[in-house]
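Secondary and tertiary structure notes
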Amino acid sequence: MSATEERRAAVTGIGVVAPNGISTETFWKSTQEGISVLDRVTREGCQDLPLKVAGEVRAFDPAVVEERFLVQTDRFTHFAMAAADLALEDARLGQADTAADPFSIGVVTASGSGGGEFGQRELQQLWGKGSRFVGPYQSIAWFYAASTGQISIRRGLKGPCSVVASDEAGGLDALAHAARAVRRGTDVMVAGSTEAPLAPYSVVCQLGYGELSGESDPARAYRPFTDAACGFVPAEGGAMLVVEAERSARERGAEVRGYVAGHAATFTGASRWAESREGLAQAIRNALAEAGCAPEEVDMVFADALGVPEADRAEALALVDALGAHGRRVPVTAPKTGIGRGYCAAPVLDVSAAVLAMEHGLIPPTPNVVDVCHDLDLVTGSARVAEPRTALVLSRGLMGSNSALVLRHGAK
């Protein structure tokens, strides 16, 4: 194995806490079957707000996290700690393994919403009762970097730790950051994103997004790439992945589930969806160049799929701009239409699904979407049998970030 191959960024563990499953196995089963779990918003304090449909994680038991961590953290960090546990377990990295050399393992996460529920509760205490009733953890629980810090502290991980703040595309950027840390010498990175944006204050803030769907019918609320597209549906949950040097994975006898092969990011400005065509196409080109991947090698695309006609059109055109005629033929999917678009967490769930799709030889469908009005091969109805070896995952943020990530199939 060459020195370059030794430092290849391999995905060895996946941990998922999503609206359609609180385990990688359940998530994949629902995803491959195209099950939609979008439903009416039930989170406390949100039922009477204009947002009517969302992807909620309804079966999550926060007791999987120790009480001393629960009281000082928000729901989005509860998700992150639980998903990190699942990812480390999947990678067969136990407490003894991480304790042996804690400085060789780092953490990087991304978050767009932070700890809104915790922050709102404490501010209500301040307003209703006074400053003496505000808990000491208010200063850290709402912070978008809280999940990185708490995973690091709880698991004793002392390697390079960071947080990415780059809009919804930050989910992909966090994974790329982890891969580059591995290539520079860190053995293992725990990376990903989780979100919990369904608290009243957070929802009211989101109502300012013109791209948010106001549709009350769950089956019609989020249908990108169709004439009926009316915006996106938000979601909570997310995923954490273990990204490590191929050498360390092979030495441990861990399964290499895939490789983070290339990444690039651009910026085109808030809600400038027509301009995102050029920015997204450039991100795709640069990601493919870093991966050493020809456009024709891309076997499937996990789309950003905003659900806004102008944005959907820009994404379809960007694929042709970057991939040529192959951009019209390559299978495209957007499983998020069945669970919601979880801000920074959405593309990390797409990466998880892409790795699983390459493992199982299936391209999952796009739930709730039937009549495609753009010139692309969108997978709808049921999963498509295939042998994908290379996946392209795309993400754009409402504030203007564009990101593309290239994944390769895990070597046998």
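The name given to the protein in an unreviewed UniProt entry is Ketosynthase chain-length factor, with Streptomyces bauhiniae as the source organism. UniProt lists a comment for the protein under the heading Sequence similarities (unreviewed entry), and it reads "Belongs to the thiolase-like superfamily. Beta-ketoacyl-ACP synthases family."

1. Some thoughts on helix H13 (residues 309–323)
In this model, H13 (15 residues) spans 21 Å end to end at C-alpha, consistent with the 21 Å of a helix rising 1.5 Å per residue. Downstream of H13 by one or two residues, Gly-324 has phi in the positive range, about 70°.

2. Some details on helix H15 (residues 345–360)
With 16 residues, H15 extends 23 Å between its outermost C-alpha atoms, agreeing within 8% with the 22 Å of an ideal straight helix rising 1.5 Å per residue. In terms of burial, H15 is largely enclosed, as 14 of its 16 residues are buried. Phi turns positive one or two residues past the end of H15, at Gly-361, with a value near 65°.

3. Quick notes on the sheet that holds strand E5 (residues 161–164)
As summarised here, the arrangement of the 11 strands in space is E5-E4-E6-E7-E1-E8-E15-E14-E9-E10-E12, forming an open sheet in which the pairing is mixed. One side of each edge strand has no neighbouring strand; the edge strands of this open sheet are E5 and strand E12 (377–378). In the sheet, strand E8 (residues 258–267) pairs with strand E15 (residues 401–409) via nine bridges, with the strands oriented antiparallel. Considered in E15, the bridge of Ala-265 is made with Ser-403. On the sheet, helix H12 (residues 273–291) packs against E8, strand E14 (390–396) and E15 and is oriented at approximately 145° with respect to E8.

4. Notes on the domain arrangement of the protein
A common measure of how large an interface is: the accessible area buried when the components associate. What the domain assignment reports for the protein is domain 1 (9–252) and domain 2 (259–409). Counting residues at the interface gives 66 residues for domain 1, matched by 64 residues for domain 2. In total, about 5000 Å² of surface goes out of reach between domain 1 and domain 2, with carbon and sulfur atoms giving 67% of it. Seen at the junction of domain 1 and domain 2, the total is one salt bridge. Here Glu-290 and Arg-180 are joined by a salt bridge, their closest N and O atoms 3.4 Å apart. Summed over the shared surface of domain 1 and domain 2, the number is 30 residue pairs in polar contact (both at pLDDT 80 or more). Considering every element that reaches the side of domain 1 that touches domain 2, the biggest residue donor is helix H9 (residues 170–184), with nine residues.

Reading the values: the criteria
- Residues numbered from 1 in each chain as written.
- Predicted model: local features only at pLDDT ≥ 70, side-chain atom pairs only at ≥ 80, totals over all residues.
- Heavy atoms only, no water.
- UniProt positions renumbered as here; feature names shortened; annotations may be inferred.
- Helix = DSSP H or I, 4+ residues; strand = E, 2+ residues; numbered from the N terminus.
- Expected span 1.5 Å × (residues − 1).
- Buried < 20%, exposed > 50% of the residue type's maximum accessible area, 1.4 Å probe, protein only.
- Pairing = 2+ DSSP bridges.
- Contact = heavy atoms within 4.5 Å.
- Axes fitted to C-alpha atoms, helices over the stretch in contact; angles between N-to-C directions.
- Domains from an automatic or database assignment.
- Buried area = accessible area lost by both parts, 1.4 Å probe.
- Salt bridge = Lys/Arg side-chain N within 4 Å of Asp/Glu carboxyl O.
- Polar contact = N/O pair within 3.5 Å; in protein donor to acceptor, adjacent residues only side chain to side chain.

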